[in-house]
Amino acid sequence: MIKARDAEMEIEKAAGYSDIRLTKISSHWSDSPLDKPEGFDSLWAKPADAASTFSAVCLFFAEQIQDELAGLPTGLIDATWGGTIIEAWSPPEALEACDVADEGTNEEQNHNNYLWNGMIQPLTQMSIRGALWYQGEANTGHNKEIYDCTFENLISSWRQRWNDNTEGLTDELFPFGFVQLAPNGDNRNNFNWPIVRWKQTGEVGYVPNERLEYVFMAAAMDDDIDLHPKNKRLPSSRLAWAALNLVYGAKYDEDDTSRPPLTGPQPLEMTTDESGSSITVQFSQELEEALREDDRFMVCCLSSMDECDQAVYGEGWVGVPITGMGADSMSVSLDTSNTGCDHLSGLAYLWLETPCAGEAACPLYSADQYRLPVAPFRMAF
(Lines give C-alpha, C1' and ligand atoms only; values in the text may rest on other atoms or scores of the structure.)
Protein backbone atom coordinates (compact mmCIF):
# COMPACT_ATOMS: atom_id res chain seq x y z
CA MET A 1 0.00 0.00 0.00
CA ILE A 2 1.06 3.61 -0.44
CA LYS A 3 2.17 4.51 3.06
CA ALA A 4 5.02 6.49 1.62
CA ARG A 5 5.97 10.01 2.64
CA ASP A 6 3.48 12.56 1.39
CA ALA A 7 0.98 9.82 0.47
CA GLU A 8 -1.63 12.24 -0.88
CA MET A 9 0.94 13.72 -3.24
CA GLU A 10 1.96 10.23 -4.40
CA ILE A 11 -1.64 9.27 -5.14
CA GLU A 12 -2.19 12.51 -7.02
CA LYS A 13 0.95 11.83 -9.04
CA ALA A 14 -0.20 8.28 -9.82
CA ALA A 15 -3.40 9.66 -11.28
CA GLY A 16 -1.36 11.23 -14.06
CA TYR A 17 -0.27 7.85 -15.44
CA SER A 18 -3.14 7.17 -17.82
CA ASP A 19 -1.53 4.08 -19.39
CA ILE A 20 -1.37 2.12 -16.11
CA ARG A 21 -4.16 -0.11 -14.80
CA LEU A 22 -4.25 -1.87 -11.42
CA THR A 23 -5.72 -5.20 -10.34
CA LYS A 24 -5.47 -6.39 -6.74
CA ILE A 25 -6.23 -10.02 -5.91
CA SER A 26 -8.15 -10.59 -2.67
CA SER A 27 -6.14 -12.47 -0.05
CA HIS A 28 -7.15 -16.11 -0.12
CA TRP A 29 -5.40 -19.38 0.70
CA SER A 30 -6.40 -22.80 -0.54
CA ASP A 31 -5.22 -26.34 0.14
CA SER A 32 -5.92 -27.26 -3.49
CA PRO A 33 -5.26 -25.40 -6.78
CA LEU A 34 -7.95 -22.96 -7.92
CA ASP A 35 -8.83 -22.17 -11.53
CA LYS A 36 -9.76 -18.54 -10.83
CA PRO A 37 -9.21 -16.01 -8.03
CA GLU A 38 -11.76 -15.96 -5.23
CA GLY A 39 -12.14 -12.22 -5.61
CA PHE A 40 -10.65 -8.85 -6.51
CA ASP A 41 -10.12 -5.76 -4.38
CA SER A 42 -9.74 -3.81 -7.63
CA LEU A 43 -9.97 -4.87 -11.28
CA TRP A 44 -8.06 -2.95 -13.97
CA ALA A 45 -8.72 0.29 -12.13
CA LYS A 46 -7.12 3.62 -12.87
CA PRO A 47 -4.36 4.57 -10.40
CA ALA A 48 -6.45 7.42 -9.02
CA ASP A 49 -9.09 4.90 -7.90
CA ALA A 50 -6.91 2.10 -6.48
CA ALA A 51 -3.44 3.43 -5.65
CA SER A 52 -4.11 3.89 -1.93
CA THR A 53 -4.45 0.13 -1.36
CA PHE A 54 -2.00 -1.07 -4.01
CA SER A 55 1.63 -2.15 -3.62
CA ALA A 56 3.62 1.10 -3.60
CA VAL A 57 6.82 -0.53 -4.87
CA CYS A 58 4.97 -2.14 -7.78
CA LEU A 59 3.21 1.09 -8.77
CA PHE A 60 6.29 3.31 -8.37
CA PHE A 61 8.32 0.82 -10.43
CA ALA A 62 5.76 1.06 -13.25
CA GLU A 63 5.67 4.84 -13.07
CA GLN A 64 9.42 5.04 -13.57
CA ILE A 65 9.28 2.60 -16.47
CA GLN A 66 6.55 4.78 -17.98
CA ASP A 67 8.73 7.86 -17.57
CA GLU A 68 11.35 6.19 -19.78
CA LEU A 69 9.03 4.33 -22.15
CA ALA A 70 6.16 6.76 -22.56
CA GLY A 71 2.93 5.35 -23.97
CA LEU A 72 3.64 1.72 -23.04
CA PRO A 73 0.33 0.31 -21.71
CA THR A 74 1.01 -1.39 -18.38
CA GLY A 75 -1.23 -3.70 -16.38
CA LEU A 76 -0.16 -4.45 -12.80
CA ILE A 77 -1.46 -7.31 -10.66
CA ASP A 78 -0.95 -7.15 -6.89
CA ALA A 79 -1.08 -10.67 -5.40
CA THR A 80 0.39 -10.20 -1.92
CA TRP A 81 -0.03 -11.24 1.70
CA GLY A 82 2.22 -9.77 4.38
CA GLY A 83 4.23 -11.94 6.77
CA THR A 84 4.15 -15.06 4.58
CA ILE A 85 6.81 -17.67 3.84
CA ILE A 86 8.18 -18.44 0.40
CA GLU A 87 6.95 -22.04 0.69
CA ALA A 88 3.33 -20.84 0.65
CA TRP A 89 3.86 -19.17 -2.74
CA SER A 90 5.62 -22.17 -4.29
CA PRO A 91 4.09 -24.90 -6.46
CA PRO A 92 4.74 -28.51 -5.39
CA GLU A 93 7.58 -29.18 -7.85
CA ALA A 94 9.59 -26.23 -6.50
CA LEU A 95 9.49 -27.57 -2.96
CA GLU A 96 10.08 -31.15 -4.02
CA ALA A 97 13.33 -29.99 -5.65
CA CYS A 98 14.46 -28.66 -2.26
CA ASP A 99 13.02 -31.53 -0.18
CA VAL A 100 10.85 -29.17 1.88
CA ALA A 101 8.48 -30.71 4.40
CA ASP A 102 5.24 -28.86 5.19
CA GLU A 103 6.05 -27.57 8.66
CA GLY A 104 4.19 -24.29 8.20
CA THR A 105 4.10 -21.52 10.79
CA ASN A 106 1.47 -20.16 13.14
CA GLU A 107 -0.80 -18.65 10.47
CA GLU A 108 -3.03 -20.98 8.46
CA GLN A 109 -2.00 -19.40 5.14
CA ASN A 110 1.65 -20.25 5.84
CA HIS A 111 1.71 -23.81 4.56
CA ASN A 112 3.34 -25.27 1.49
CA ASN A 113 1.55 -24.27 -1.73
CA TYR A 114 -1.45 -22.59 -0.01
CA LEU A 115 -0.96 -19.13 -1.54
CA TRP A 116 0.28 -20.55 -4.81
CA ASN A 117 -2.99 -22.51 -4.97
CA GLY A 118 -5.23 -19.60 -4.06
CA MET A 119 -3.55 -16.51 -5.54
CA ILE A 120 -0.91 -17.43 -8.17
CA GLN A 121 -2.06 -20.62 -9.91
CA PRO A 122 -5.34 -18.91 -10.95
CA LEU A 123 -3.32 -16.23 -12.76
CA THR A 124 -1.21 -18.63 -14.83
CA GLN A 125 -3.89 -18.90 -17.48
CA MET A 126 -3.20 -15.30 -18.56
CA SER A 127 0.04 -14.26 -20.23
CA ILE A 128 2.40 -11.93 -18.37
CA ARG A 129 5.60 -10.05 -19.23
CA GLY A 130 7.40 -10.38 -15.88
CA ALA A 131 7.16 -10.62 -12.09
CA LEU A 132 8.32 -8.65 -9.05
CA TRP A 133 8.99 -10.25 -5.64
CA TYR A 134 9.17 -8.49 -2.27
CA GLN A 135 9.46 -11.11 0.48
CA GLY A 136 11.99 -12.69 2.80
CA GLU A 137 11.54 -11.59 6.40
CA ALA A 138 9.19 -14.49 7.22
CA ASN A 139 11.96 -16.90 6.24
CA THR A 140 14.62 -15.42 8.50
CA GLY A 141 13.34 -17.85 11.11
CA HIS A 142 11.98 -20.55 8.82
CA ASN A 143 14.10 -22.59 6.38
CA LYS A 144 16.59 -19.75 5.90
CA GLU A 145 19.36 -22.29 5.22
CA ILE A 146 17.69 -23.41 1.99
CA TYR A 147 16.28 -20.07 0.79
CA ASP A 148 18.72 -20.09 -2.13
CA CYS A 149 17.16 -23.37 -3.27
CA THR A 150 13.53 -22.41 -2.64
CA PHE A 151 13.88 -19.01 -4.30
CA GLU A 152 15.70 -20.37 -7.35
CA ASN A 153 13.08 -23.08 -7.80
CA LEU A 154 10.14 -20.76 -7.19
CA ILE A 155 11.38 -18.61 -10.08
CA SER A 156 11.99 -21.52 -12.45
CA SER A 157 8.68 -23.23 -11.62
CA TRP A 158 6.65 -20.03 -11.99
CA ARG A 159 8.23 -19.50 -15.41
CA GLN A 160 7.53 -23.06 -16.51
CA ARG A 161 3.94 -23.09 -15.24
CA TRP A 162 3.11 -19.79 -16.92
CA ASN A 163 4.73 -20.87 -20.17
CA ASP A 164 2.87 -24.19 -20.16
CA ASN A 165 -0.51 -22.80 -19.11
CA THR A 166 -0.48 -20.01 -21.70
CA GLU A 167 0.76 -22.37 -24.43
CA GLY A 168 3.95 -20.42 -24.90
CA LEU A 169 2.44 -16.92 -24.86
CA THR A 170 4.38 -16.20 -21.66
CA ASP A 171 8.13 -16.36 -22.18
CA GLU A 172 9.67 -19.37 -20.44
CA LEU A 173 12.43 -17.02 -19.22
CA PHE A 174 10.34 -13.98 -18.32
CA PRO A 175 12.20 -11.31 -16.31
CA PHE A 176 11.95 -11.66 -12.55
CA GLY A 177 12.86 -8.75 -10.26
CA PHE A 178 13.07 -8.67 -6.47
CA VAL A 179 13.74 -6.30 -3.60
CA GLN A 180 16.47 -7.63 -1.35
CA LEU A 181 15.57 -7.90 2.33
CA ALA A 182 15.28 -4.50 4.04
CA PRO A 183 16.65 -3.64 7.52
CA ASN A 184 14.84 -4.57 10.70
CA GLY A 185 16.28 -4.25 14.24
CA ASP A 186 19.72 -3.55 15.63
CA ASN A 187 20.43 -7.16 16.58
CA ARG A 188 24.14 -7.95 16.32
CA ASN A 189 23.86 -11.56 17.42
CA ASN A 190 21.30 -12.63 14.83
CA PHE A 191 22.76 -13.17 11.37
CA ASN A 192 19.56 -14.60 9.88
CA TRP A 193 18.86 -11.42 7.91
CA PRO A 194 22.20 -11.17 6.07
CA ILE A 195 22.05 -14.92 5.43
CA VAL A 196 18.69 -14.53 3.65
CA ARG A 197 19.98 -11.50 1.69
CA TRP A 198 22.94 -13.61 0.54
CA LYS A 199 20.77 -16.56 -0.40
CA GLN A 200 18.37 -14.30 -2.33
CA THR A 201 21.26 -13.85 -4.77
CA GLY A 202 22.01 -17.57 -4.99
CA GLU A 203 25.00 -17.06 -2.66
CA VAL A 204 26.73 -14.90 -5.26
CA GLY A 205 25.99 -11.38 -4.00
CA TYR A 206 24.51 -10.03 -7.23
CA VAL A 207 22.11 -10.96 -10.02
CA PRO A 208 21.79 -12.05 -12.74
CA ASN A 209 24.11 -15.02 -12.40
CA GLU A 210 24.29 -18.67 -13.47
CA ARG A 211 21.75 -19.75 -10.87
CA LEU A 212 19.41 -16.80 -11.33
CA GLU A 213 19.28 -16.08 -15.04
CA TYR A 214 17.44 -12.99 -16.30
CA VAL A 215 16.81 -11.87 -12.72
CA PHE A 216 17.32 -8.31 -11.42
CA MET A 217 17.20 -6.81 -7.94
CA ALA A 218 17.10 -3.68 -5.82
CA ALA A 219 19.28 -3.56 -2.71
CA ALA A 220 17.24 -2.21 0.21
CA MET A 221 19.38 -2.68 3.34
CA ASP A 222 19.75 1.14 3.50
CA ASP A 223 16.07 2.00 3.03
CA ASP A 224 15.12 3.70 6.30
CA ILE A 225 15.59 1.72 9.53
CA ASP A 226 12.33 -0.13 9.31
CA LEU A 227 11.15 -3.45 7.92
CA HIS A 228 8.39 -1.44 6.21
CA PRO A 229 10.34 1.65 5.10
CA LYS A 230 8.36 4.77 4.35
CA ASN A 231 10.51 5.74 1.38
CA LYS A 232 9.26 3.22 -1.17
CA ARG A 233 10.74 5.29 -3.99
CA LEU A 234 14.27 4.21 -3.13
CA PRO A 235 13.94 0.45 -3.88
CA SER A 236 11.40 1.16 -6.64
CA SER A 237 13.86 3.38 -8.51
CA ARG A 238 16.68 0.85 -8.16
CA LEU A 239 14.39 -1.92 -9.36
CA ALA A 240 13.26 0.12 -12.36
CA TRP A 241 16.83 1.08 -13.33
CA ALA A 242 17.84 -2.59 -13.29
CA ALA A 243 14.81 -3.55 -15.40
CA LEU A 244 15.46 -0.77 -17.92
CA ASN A 245 18.99 -2.09 -18.33
CA LEU A 246 18.25 -5.81 -18.43
CA VAL A 247 14.82 -5.96 -20.06
CA TYR A 248 14.60 -2.77 -22.11
CA GLY A 249 18.28 -2.25 -22.84
CA ALA A 250 17.74 -2.53 -26.59
CA LYS A 251 16.21 0.96 -26.62
CA TYR A 252 19.60 2.44 -25.70
CA ASP A 253 22.53 2.77 -28.06
CA GLU A 254 25.58 0.76 -27.04
CA ASP A 255 27.45 3.89 -25.96
CA ASP A 256 24.40 5.68 -24.49
CA THR A 257 25.47 7.03 -21.10
CA SER A 258 21.83 7.52 -20.09
CA ARG A 259 21.29 3.77 -19.88
CA PRO A 260 20.63 3.05 -16.19
CA PRO A 261 22.85 0.54 -14.36
CA LEU A 262 21.93 -3.09 -13.77
CA THR A 263 23.81 -3.35 -10.46
CA GLY A 264 25.85 -1.31 -8.07
CA PRO A 265 29.62 -1.79 -7.76
CA GLN A 266 30.55 -5.45 -7.34
CA PRO A 267 33.65 -6.82 -5.57
CA LEU A 268 36.00 -8.35 -8.12
CA GLU A 269 38.99 -9.55 -6.11
CA MET A 270 40.84 -8.97 -2.86
CA THR A 271 44.55 -8.84 -2.17
CA THR A 272 46.49 -8.82 1.09
CA ASP A 273 49.45 -6.48 1.52
CA GLU A 274 52.96 -7.83 2.12
CA SER A 275 52.78 -7.33 5.88
CA GLY A 276 49.44 -9.12 6.12
CA SER A 277 48.01 -6.23 8.10
CA SER A 278 45.38 -5.08 5.59
CA ILE A 279 43.36 -6.29 2.64
CA THR A 280 42.25 -4.36 -0.46
CA VAL A 281 39.03 -5.12 -2.34
CA GLN A 282 38.78 -4.11 -6.00
CA PHE A 283 35.33 -3.12 -7.33
CA SER A 284 33.75 -3.03 -10.77
CA GLN A 285 32.91 0.72 -10.63
CA GLU A 286 34.29 3.90 -9.15
CA LEU A 287 33.20 4.61 -5.58
CA GLU A 288 32.24 7.64 -3.58
CA GLU A 289 34.45 8.43 -0.62
CA ALA A 290 33.35 5.97 2.05
CA LEU A 291 31.31 6.76 5.13
CA ARG A 292 33.65 5.22 7.71
CA GLU A 293 31.82 3.58 10.59
CA ASP A 294 32.48 0.62 12.85
CA ASP A 295 31.38 -2.90 11.98
CA ARG A 296 30.45 -2.31 8.33
CA PHE A 297 33.28 -4.66 7.35
CA MET A 298 33.90 -7.77 9.42
CA VAL A 299 36.32 -10.69 9.40
CA CYS A 300 35.48 -14.23 10.48
CA CYS A 301 37.62 -15.54 13.33
CA LEU A 302 36.47 -19.16 13.07
CA SER A 303 37.30 -21.91 10.61
CA SER A 304 34.39 -21.05 8.28
CA MET A 305 32.02 -18.16 7.68
CA ASP A 306 29.06 -20.48 8.29
CA GLU A 307 30.42 -21.09 11.79
CA CYS A 308 30.68 -17.34 12.34
CA ASP A 309 27.00 -17.00 11.40
CA GLN A 310 26.15 -19.28 14.31
CA ALA A 311 28.43 -17.57 16.84
CA VAL A 312 27.97 -14.55 19.09
CA TYR A 313 29.18 -11.32 17.53
CA GLY A 314 32.75 -10.65 18.62
CA GLU A 315 33.57 -14.34 18.92
CA GLY A 316 32.88 -15.17 15.28
CA TRP A 317 32.45 -12.04 13.19
CA VAL A 318 34.66 -9.15 14.34
CA GLY A 319 34.43 -5.59 13.01
CA VAL A 320 37.44 -4.09 11.21
CA PRO A 321 37.87 -0.46 10.07
CA ILE A 322 38.28 0.96 6.58
CA THR A 323 41.85 2.24 6.30
CA GLY A 324 42.06 3.59 2.75
CA MET A 325 40.23 4.30 -0.50
CA GLY A 326 41.15 4.28 -4.18
CA ALA A 327 38.98 5.33 -7.09
CA ASP A 328 37.53 1.81 -7.37
CA SER A 329 38.96 0.07 -4.32
CA MET A 330 39.01 0.17 -0.56
CA SER A 331 41.23 -1.31 2.14
CA VAL A 332 40.42 -2.59 5.62
CA SER A 333 42.65 -3.44 8.55
CA LEU A 334 43.21 -7.08 9.46
CA ASP A 335 44.56 -6.21 12.90
CA THR A 336 42.41 -8.12 15.37
CA SER A 337 45.08 -8.45 18.07
CA ASN A 338 42.85 -6.88 20.72
CA THR A 339 40.04 -9.39 20.16
CA GLY A 340 41.81 -12.70 20.67
CA CYS A 341 41.12 -13.63 17.07
CA ASP A 342 43.96 -15.81 15.79
CA HIS A 343 42.38 -17.23 12.63
CA LEU A 344 40.80 -15.41 9.67
CA SER A 345 38.66 -17.33 7.18
CA GLY A 346 36.68 -14.64 5.40
CA LEU A 347 35.61 -11.02 4.93
CA ALA A 348 32.01 -9.77 4.99
CA TYR A 349 30.42 -6.43 4.18
CA LEU A 350 27.13 -5.24 5.75
CA TRP A 351 26.67 -8.60 7.47
CA LEU A 352 24.16 -7.33 10.04
CA GLU A 353 20.39 -7.26 10.43
CA THR A 354 20.43 -3.46 10.12
CA PRO A 355 23.82 -2.74 8.59
CA CYS A 356 23.68 0.97 7.68
CA ALA A 357 23.52 4.20 9.69
CA GLY A 358 20.31 5.41 8.06
CA GLU A 359 18.51 5.93 4.79
CA ALA A 360 20.98 5.83 1.88
CA ALA A 361 23.79 5.92 4.46
CA CYS A 362 25.94 2.84 3.89
CA PRO A 363 29.71 3.14 3.47
CA LEU A 364 30.04 2.37 -0.26
CA TYR A 365 28.10 3.76 -3.24
CA SER A 366 28.82 4.21 -6.92
CA ALA A 367 30.32 7.57 -7.83
CA ASP A 368 27.71 8.44 -10.44
CA GLN A 369 24.24 9.99 -10.66
CA TYR A 370 22.50 6.75 -9.65
CA ARG A 371 24.48 6.24 -6.43
CA LEU A 372 23.73 2.54 -6.22
CA PRO A 373 25.06 0.86 -3.08
CA VAL A 374 27.51 -1.98 -2.87
CA ALA A 375 25.22 -4.87 -1.87
CA PRO A 376 26.07 -7.12 1.09
CA PHE A 377 28.71 -9.71 0.24
CA ARG A 378 31.23 -12.08 1.74
CA MET A 379 34.46 -13.53 0.40
CA ALA A 380 36.58 -16.40 1.69
CA PHE A 381 40.30 -15.85 2.32
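Rules and cut-offs
Residues numbered from 1 in each chain as written. Predicted model: local features only at pLDDT ≥ 70, side-chain atom pairs only at ≥ 80, totals over all residues. Heavy atoms only, no water. Core = buried A, V, L, I, M, F, W, Y, C linked by side-chain atoms within 4.5 Å. Buried < 20%, exposed > 50% of the residue type's maximum accessible area, 1.4 Å probe, protein only. Helix = DSSP H or I, 4+ residues; strand = E, 2+ residues; numbered from the N terminus. Contact = heavy atoms within 4.5 Å. Expected span 1.5 Å × (residues − 1). Salt bridge = Lys/Arg side-chain N within 4 Å of Asp/Glu carboxyl O.

Asks: I'm lost on the nonpolar core in this one. Help?
Replies: One broad trend across soluble globular proteins is that nonpolar side chains are buried collectively. Phe-297, Trp-317, Leu-364 and Phe-377 are the most contacted members of the largest nonpolar core, which totals 39 residues. Breaking this core down by element, the ones donating at least two residues are α7 (192–200), β8 (278–283), β9 (297–300), α9 (305–310), β10 (317–320), β12 (329–333), β13 (346–349) and β14 (377–380). The leading source of residues in this core is β9, at four residues. Every residue in contact with Phe-297, bar those within four places of it in the chain, is listed here: Val-318, Gly-319, Val-320, Ile-322, Met-330, Val-332, Leu-347, Ala-348, Tyr-349, Leu-364 and Phe-377.

Asks: I'm lost on helix α6 (residues 147–165) in this one. Help?
Replies: Spacing of three or four residues puts side chains on the same side of an α-helix, whose turn is 3.6 residues. For α6, which comprises 19 residues, the first-to-last C-alpha distance of 26 Å matches the rise-based estimate of 27 Å (1.5 Å per residue) to within 8%. Downstream of α6 by a residue or two, Glu-167 has a phi angle that is positive, lying close to 55°.

Asks: It is not clear to me how the environment of Ala-70 should be interpreted in this structure. Could you clarify?
Replies: Relative to the assigned elements, Ala-70 resides in the loop between α3 (56–68) and β3 (74–78). For the pair Ala-70 and Tyr-17, spaced 53 residues apart in sequence, the C-alpha to C-alpha distance is 9.7 Å.

Asks: Hey, could you run me through the pattern of salt bridges in this one?
Replies: Once their charged atoms are close, side chains differing in charge can pair, the charge on each being opposite to the other. Applying the stated rule across the entire model yields 15 salt bridges. A salt bridge links Arg-292 to Glu-289; the shortest N-O distance between them is 3.1 Å. Exposure remark for Arg-292: the relative accessible area of 42% places this residue in the partly exposed category. Its relative accessible area of 56% is what places Glu-289 among the exposed residues. One salt bridge in this structure joins Asp-306 and Arg-378, with 2.8 Å as the shortest N-O distance. Note that Asp-306 is positioned in helix α9 and Arg-378 in strand β14, a separation of 72 residues in sequence. Residue Arg-378 is classed as buried on the basis of its relative accessible area, which comes to 14%. In this structure, a network of salt bridges that share partners links the residues Asp-148, Glu-152, Lys-199, Glu-203 and Arg-211.

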